[in-house]
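For reference, the chains in residue letters:
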Amino acid sequence: MQHPRPPGSDNAAPRNDGFFIPDLCAPQAVFLAVLLAELVVLLHVLALGPLAAFDWRALGTGSFFVQWNALLCIAIICRLRARLLPMSPAKATSVCLGLVLAVSTLSSVVVYRFYPLLGPQSGGLVDWVLRNALLALILAATVLRYAYLQQRVALQQRSELQLRLDALRARIRPHFLFNTLNSIASLIAVQPDRAEQAIEDVAELFRAALSSGDRDSSLGEECRLCELYLEIEQLRLGDRLSVRWEIDDVLKETALPALLLQPLVENAVYHGISQLPKGGEVSIRAWREASLLCVEIQNPVPQRVVNRSGGNRMALENIRQRLEAQYGDVASLRVGADDDVYRAMISIPLEREFAS
């Protein structure tokens, strides 16, 4: 979350993320500003008299004057935004309001002197300038206050989302840790090279599990972590565990939340293969379906394990919550058993859009 800057820190690096003044160089921001200005003019004209006597001339001249001021202020703030970024919210607000005041005053003087048709129907220069300046300041202050509050809410939501994801990641505790350490201990005397490789695999896997989660992973990286996990489990299961991969190389660069697939593969081994005397095969495949990336993990499982309600539910709920937090309703996790085969399928959008 963006915190207020301490006094005397104006020379620090610019805050490119979370600055409350909108990027007025963007077409959408310009359109919204022009639309808001036109609505203000329309409300003013409607307040002048009855609807039957609607003053189209006032609407036209008022729109020209207000849009002129609005677009000029937008252009100046757009050009100065890079200099506004290092400033505190109070200082940036003061600068913007000062610019609006200057533009409104100068425009009012120019219109009064050179374009009397756009000017006031009564009253002098001072009254015309003060009235326009006051209205411009009130409108600008209201817009800036709204932008500031909107940015505060967005930062709070982003912070809450990050805390939620961190808490969900912290709950990932692979069941195989103690079994793996025991297997490595038994290999040290007879196969030291394999024991050393297993320790390196465990270190790499847990480095990913304990990472802060600040960056996305990819399908290829997630598959690599699954391979490490499966190699470690083969120390314990041996020939009882076989693996079949069906991954399109084109999809391996697809962005994926970190440590999303490994818990599903772990469930397939822990609740499936290890429960079968003869073991079985874990199938991992990925494909594209319209605008979605689909990843399915399939394994044989005893019927008694399929029917019980505990076991892998925490991991599944963990993944569902992570998908919901990061993708909303466009991603899903579907699980189910068909005869003695258990399937877990994840669908996420190929072009990722965050809920933040």
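Residues numbered from 1 in each chain as written. Predicted model: local features only at pLDDT ≥ 70, side-chain atom pairs only at ≥ 80, totals over all residues. Heavy atoms only, no water.

> Break down the side chain of Ser-107 for me, with residues and values.
Counting through the fold element by element, Ser-107 comes out in helix H3 (residues 89-114). A distance of 3.1 Å separates a polar atom in the side chain of Ser-107 from a polar atom in the side chain of Asn-69. For Ser-107, the residues in contact, after removing those within four places along its chain, are Phe-65 and Asn-69. (Helix = DSSP H or I, 4+ residues; strand = E, 2+ residues; numbered from the N terminus. Polar contact = N/O pair within 3.5 Å; in protein donor to acceptor, adjacent residues only side chain to side chain. Contact = heavy atoms within 4.5 Å.)

> Quick one: what's the story with the state of the cysteines, residue by residue and with numbers?
Enumeration according to the criterion identifies 1 disulfide in this entry. The side chain of Cys-25 participates in a disulfide bridge whose partner is Cys-78; the two sulfur atoms lie 1.8 Å from each other. Given an S-S torsion of about 110°, the disulfide between Cys-25 and Cys-78 has right-handed geometry. Taken together, the residues Cys-25 in the segment before helix H1 (27-46) and Cys-78 in helix H2 (residues 56-84) connect sequence positions 53 residues apart. Residue Cys-25 is classed as partly exposed on the basis of its relative accessible area of 41%. Among the cysteines around Cys-73, which has no disulfide bond, Cys-96 carries the closest sulfur, lying 9.5 Å off. Overall, the relative accessible area of 12% leaves Cys-73 in the buried class. (Disulfide = S-S within 2.5 Å. Buried < 20%, exposed > 50% of the residue type's maximum accessible area, 1.4 Å probe, protein only.)

> Residue-level account of unusual backbone geometry, with values.
Residues other than glycine seldom take positive phi values, yet Ala-290 does so here, at roughly 60°. With respect to the helices and strands, the residue Ala-290 is situated in the loop between strand E4 (280-289) and strand E5 (292-300).

> So what's going on with the pattern of salt bridges? Which residues, and what values?
Following the criterion strictly, the structure yields 6 salt bridges and no others. Note that Glu-246 and Arg-244 form a salt bridge whose closest N and O atoms lie 2.1 Å from each other. Assessed through its relative accessible area of 36%, Glu-246 is described here as partly exposed. In this structure, Glu-281 engages Arg-244 in a salt bridge whose closest nitrogen and oxygen atoms are separated by 3.1 Å. With Glu-281 in strand E4 and Arg-244 in strand E2 (residues 241-247), this residue pair connects regions lying 37 residues apart in the sequence. Taking relative accessible area as the criterion, Glu-281 reaches 34% and is therefore assigned partly exposed. Sharing partners across several salt bridges, the network here consists of Arg-244, Glu-246 and Glu-281. (Salt bridge = Lys/Arg side-chain N within 4 Å of Asp/Glu carboxyl O.)

> How would you explain the sheet that holds strand E7 (residues 341-349) if you had to name every residue and give the values?
The strand order across the open sheet built from 5 strands is E2-E4-E5-E7-E6, with neighbouring strands paired in mixed fashion. Both outer strands of the open sheet, E2 and strand E6 (332-338), are each paired with one neighbouring strand and no more. Shown here is a sheet whose adjacent strand axes are inclined to one another by a mean of 15°, direction ignored. Note that E6 and E7 share 7 bridges and pair antiparallel. Looking at the pairing, Asp-338 lines up with Val-341 of E7. Of the strands in this sheet, E2, E4, E5, E6 and E7 touch helix H8 (residues 262-270), which is tilted by about 15° from E5. (Pairing = 2+ DSSP bridges. Axes fitted to C-alpha atoms, helices over the stretch in contact; angles between N-to-C directions.)

> Talk me through the pairing of E7; I want residue IDs and the actual numbers.
E7 sits mainly inside the fold: 7 of its 9 residues count as buried. Of the pairings in the sheet, the one linking E5 to E7 comprises 9 bridges and is antiparallel in character. What sits directly across from Ile-297, in E7, is Ala-344. Here E6 folds back onto E7 in antiparallel fashion, the turn holding 2 residues, of which Asp-339 has a positive phi close to 60°.

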